[in-house]
Amino acid sequence: MSTLETRLRRWLRLYPADRREEMLGVLLTTIESGRERPGFRDAADLVAGAFRVRLRREIRSLGGPVWRDAFAVLGLATTVALVAALAASFRDTAFTVAVPGTPALIWPMWAPWLLVAAFDLLGLRRTSIGLAWAAALSQVPWIAFTQFDALASDRLSANVFWFVLAIISAAALSMSPGLRRAFALLGRGRGVVLLTGLSGLTLALGSVPAPGDAQWADGLVLTRDWFHNPRWALSVVSLLLVTAAYARLGTAAGRRWTALIVVSFVPIVWSAAIWTPPPAALAPALEAVSPLGPLTALAVMGAAATSLLRRRRRSTS
Amino acid sequence: VKPLQEPTFLILTALAAGPQHGYGVIGDVERISDGRVRLRAGTLYAALDRLTSDELVEVEREEVVDGRLRRYYRLTEPGAARLATEAERLRRNAETATTRLRLAGGAA
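Calculation criteria
- Residues numbered from 1 in each chain as written.
- Chains lettered and ligands numbered in written order.
- Predicted model: local features only at pLDDT ≥ 70, side-chain atom pairs only at ≥ 80, totals over all residues.
- Heavy atoms only, no water.
- Axes fitted to C-alpha atoms, helices over the stretch in contact; angles between N-to-C directions.
- Helix = DSSP H or I, 4+ residues; strand = E, 2+ residues; numbered from the N terminus.
- Parallel < 35°, antiparallel > 145°, perpendicular 65-115°, else oblique.
- Left-handed = near helix turned anticlockwise from the far one by under 90°.
- Contact = heavy atoms within 4.5 Å.
- Polar contact = N/O pair within 3.5 Å; in protein donor to acceptor, adjacent residues only side chain to side chain.
- Salt bridge = Lys/Arg side-chain N within 4 Å of Asp/Glu carboxyl O.
- Buried < 20%, exposed > 50% of the residue type's maximum accessible area, 1.4 Å probe, protein only.
- Buried area = accessible area lost by both parts, 1.4 Å probe.
- Nonpolar A, V, L, I, M, F, W, Y, C, P; charged D, E, K, R; others polar.
- Pairing = 2+ DSSP bridges.
- Phe/Tyr/Trp six-rings, centres within 6.5 Å; stacked < 30°, edge-to-face > 60°.
- Lys NZ or Arg CZ within 6 Å of the ring centre and 35° of its normal.
- pLDDT = per-residue confidence, 0-100.
- Core = buried A, V, L, I, M, F, W, Y, C linked by side-chain atoms within 4.5 Å.

(A) Expanded view of the packing of helix α1 (residues 3-12) of chain A against helix α2 (residues 17-30) of chain A. All names here are of chain A. With their axes 10 Å apart at the nearest point, α1 and α2 run at an angle of 135° to one another. On the basis of the axis angle, α1 is oblique to α2. For the crossing formed where α1 meets α2, the hand is right-handed. Between α1 and α2, the residues in contact are L4, E5, L8, R9 and L12 and R20, E21, M23, L24, L27 and L28, respectively.

(B) Representation of the side chain of R71 of chain B in the model. Here R71 of chain B is to be found in strand β3 (residues 68-75). A distance of 3.0 Å separates a polar atom in the side chain of R71 of chain B from the backbone oxygen of D18 of chain A. At a separation of 2.8 Å, a polar atom in the side chain of R71 of chain B contacts the side chain of E22 of chain A.

(C) Main features of the pattern of salt bridges. For the coordinates displayed, the defined rule picks out 26 salt bridges over all chains. One salt bridge connects R91 of chain B with E88 of chain B, and the closest N-O pair in it is separated by 2.7 Å. Placement of the pair is R91 of chain B and E88 of chain B together in helix α4 (residues 77-107), with a separation of three residues, close to one helical turn. Overall, R91 of chain B belongs to the partly exposed group, its relative accessible area being 40%. Members of the salt-bridge network, linked through shared partners, are D18, R19, E22, R56 and R57 of chain A together with D49, E62 and R71 of chain B.

(D) Representation of the interface of chain B and chain A. With 19 residues of chain B at the interface, the matching set in chain A holds 25 residues. Buried surface at the junction of chain B and chain A, summed over both partners, amounts to about 1,900 Å²; 51% is from carbon and sulfur atoms. Three residues, R40, Y45 and R68 of chain B, lead the burial of chain B against chain A; their summed loss comes to 32% of the area buried on that side. Linking chain B with chain A are seven salt bridges. Where D54 of chain B meets R60 of chain A, a salt bridge forms, and the shortest distance between an N and an O atom there is 3.6 Å. Seen at the junction of chain B and chain A, the total is 14 residue pairs in polar contact (both at pLDDT 80 or more). Secondary-structure elements contributing two or more residues to the side of chain B that touches chain A are α2 (22-32), α3 (41-53) and β3 of chain B. Tallied by class, residues from the side of chain B that touches chain A come to eight nonpolar, five polar and six charged.

(E) View of helix α1 (residues 6-16) of chain B. For α1 of chain B, the full list of buried residues reads T8, F9, L10, I11, L12, A14 and L15 of chain B. Once α1 of chain B ends, the next one or two residues include G18 of chain B, with phi positive near 150°.

(F) Expanded view of the side chain of T258 of chain A. Residue and element names in this part refer to chain A. Secondary-structure assignment places T258 in helix α12 (residues 252-264). A polar atom in the side chain of T258 sits 3.1 Å from the backbone nitrogen of R248. Discounting chain neighbours no more than four positions away, the residues touching T258 are Y246, A247, R248 and L249.

(G) Inspection of the sheet that holds strand β1 (residues 20-21) of chain B at higher detail. Residue and element names in this part refer to chain B. Pairing is antiparallel in the open sheet, where three strands are placed in the order β1-β3-β2. Whereas interior strands pair on both sides, the edge strands pair on one side only; in this sheet they are β1 and β2 (57-65). With two bridges joining them, β1 and β3 adopt antiparallel strand pairing. Note on β3: the bridge partner recorded for H21 is Y72.

(H) Examining the packing of aromatic side chains more closely. A full pass over the atoms with the stated rule returns one aromatic pair over all chains. Ring centres of W67 of chain A and F71 of chain A lie 5.8 Å apart, and the angle between their planes is 40°; this geometry places the pair in the tilted category. On the criterion of helical spacing, the pair formed by W67 of chain A and F71 of chain A is a turn pair, its members being four residues apart in helix α4 (residues 65-95). A residue is classified by how much of its surface remains accessible, and W67 of chain A, at 8% relative accessible area, is buried. Overall, F71 of chain A belongs to the buried group, its relative accessible area being 1%. The ring of Y72 of chain B has R61 of chain B lying over it, and the distance from NZ or CZ to the ring centre is 3.8 Å.

(I) Here's a closer look at the environment of Q5 of chain B. Residue and element names in this part refer to chain B. Inspection of the secondary structure assignment puts Q5 in the segment before α1. For Q5, a relative accessible area of 58% gives the class exposed. Each C-alpha atom of the pair Q5 and Y23 lies 20 Å from the other, and the pair is 18 residues apart in sequence.

(J) Highlighting unusual backbone geometry. For E55 of chain B, which is not a glycine, the phi torsion comes out positive at approximately 60°. At D66 of chain B, a residue that is not glycine, the phi angle is positive and equals roughly 50°.

(K) The arrangement of the confidence of the model for chain B in detail. Across chain B, pLDDT averages 92, with 97% of residues at or above 70. Predicted complex, confidence summary: ipTM 0.87, pTM 0.72.

(L) Here's a closer look at the nonpolar core. In this structure, F71, V73, L194, Y246, W257, I261 and M301 of chain A are the most contacted members of the largest nonpolar core, which totals 50 residues. For this core, the secondary-structure elements that each account for two or more residues are α4, α6 (113-121), α7 (125-137), α9 (154-174), α10 (179-206), α11 (230-246), α12 and α15 (292-316) of chain A. Top contributing element to this core by residue count: α9 of chain A, with twelve residues. Ignoring anything within four residues of it in the chain, the contact list for M301 of chain A reads F71, L74, I168, A171, A172 and M175 of chain A. In terms of nonpolar packing, the next biggest core, distinct from the first, is built from 36 residues, L4 and L8 of chain A together with L44 and Y45 of chain B among them.

What follows is the structure in C-alpha cells.
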C-alpha cells in the first residue's frame with residue numbers, strides 16, 4: 001500500500017464505511033501521480049463533503065430506531081437526575097440548612113419524577129409521559145410569575161436549568177421506547193455500575209452539609225473545603241461511575257446518547273468550575289456557551305419529532 | 001421546486017447519457033462544462049449521496065477493477081423528469097435573456 005493510499009484511507013474515515021472504497025479508487029486516479037498526500041484543496045473538499053454526507057444522513061435518520069434508542073437512555077439519565085434533585089431538595093427542607101443562593105423549591109415539578117419512572121417501568125407509558133409533561137410544564141407559570149425578583153441571578157439560572165432538563169426528559173420519554181428499553185440497552189453490568197454510582201451520588205447530595213459551608217452552582221451543592229470533605233470524593237467517584245455506565249462509544253445509538261447526555265448536562269459540568277476555575281479570559285465565554293448544550297439537545301429532539309411526524313404522514317397518505 | 005445547483009445539474013446531465021462510475025462522471029462533467037467545472041471527489045460523492053437518497057439516481061451495478069471498487073450510477077425516472085424540468089427552466093430563462101438583449105440592441 002502506497003503512502004498516498006494510507007493517508008487517503010485515513011481521510012476517508014470521515015465518511016460512512018459504504019462510501020470509502022469507491023472514493024479511494026477515484027481519489028487515487030484523480031490525484032496527480034507522485035504526490036504522497038492530498039493537496040490542500042482536495043483535503044478541504046474531502047472534509048466539506050464528509051460533513052455534508054454525515055449531516056444529511058444524520059438528519060434523515062432522526063426519526064429512526066437508532067435515535068429512538070438514544071432518546072431512551074437520555075430519558076433515563078434526565079429522569080434519574082430529576083429524582084436525585086428531589087433527594088437533594090428533601091435534604092434542604094428536612095434539615096433547613098442555610099445555603100446561600102439555594103434555588104427555590106420546585107415541588108410541582110420535582111415531586112412527580114419518581115412516579116414518572118415507576119409508571120414507565122410498569123408499562124404505563126402514556127400515564128408516565130403525561131405526568132412528565134405536566135410536571136415539566138407546571139414550571140412555566142412558576143418561572144414566569146414568581147421569579148422576576150431572581151432575574152439574572154444564580155437562583156433563576158438554576159431553576160431554568162432544571163426546567164429545561166425536565167422538558168428534555170419529557171420529550172425523550174415521549175419519543176423513545178422508554179426506560180425498560182434504556183436498561184436493556186445499557187445491559188446488566190452497566191446497570192449495576194449506574195445504580196452504584198447513583199446511590200453514591202444521592203448519598204453525597206443527600207447528606208447534610210456543615211452550616212454555611214456550601215454554595216449552589218446550577219443545582220449541585222458543593223462545599224468550599226472540598227479537599228477535606230468526604231462528600232466531595234464520594235460525589236466525584238459516583239459521578240465517574242455514572243459516566244462510565246452511560247458512556248458507550250462502540251455502537252451507533254451509544255455514541256448518540258453519550259453526546260446527548262453530555263450536551264444536556266453541560267451546565268452541571270460548568271458548575272464544576274467552582275473547584276478549578278478556568279482562566280479569567282475564558283470564563284465569560286464558557287459561561288455564555290454552557291446554556292447552548294441543553295438547547296442543542298432540545299433542537300435535536302425537535303428535529304426528530306418533525307421527521308417522525310413527516311414519516312407518519314407519508315405512511316398514512 | 002428548488003432550482004438545481006450547477007454541479008448537481010451537470011452530474012444528472014452526465015448520467016442522462018447512460019450509467020457511469022464516479023471517475024467517469026468527473027471526466028464527463030468537465031467535458032460538458034468545457035473544462036469550467038472540475039468536480040473533486042468530496043463534492044461528487046456528497047452530491048451522489050444526496051441524489052441517491054432522493055431517488056433521482058440509483059446504483060446500477062458494482063464491479064472490481066484492479067482491486068478497486070467501481071460503482072456505476074444511473075438516472076432514475078424521477079431523476080430524468082427533474083433534469084428535464086430544470087433544463088426547460090434554464091432554456092426559458094436563456095430565451096428571455098436573449099430576446100431582451102436583442103430588443104435592447106435593436107433600440108440602441
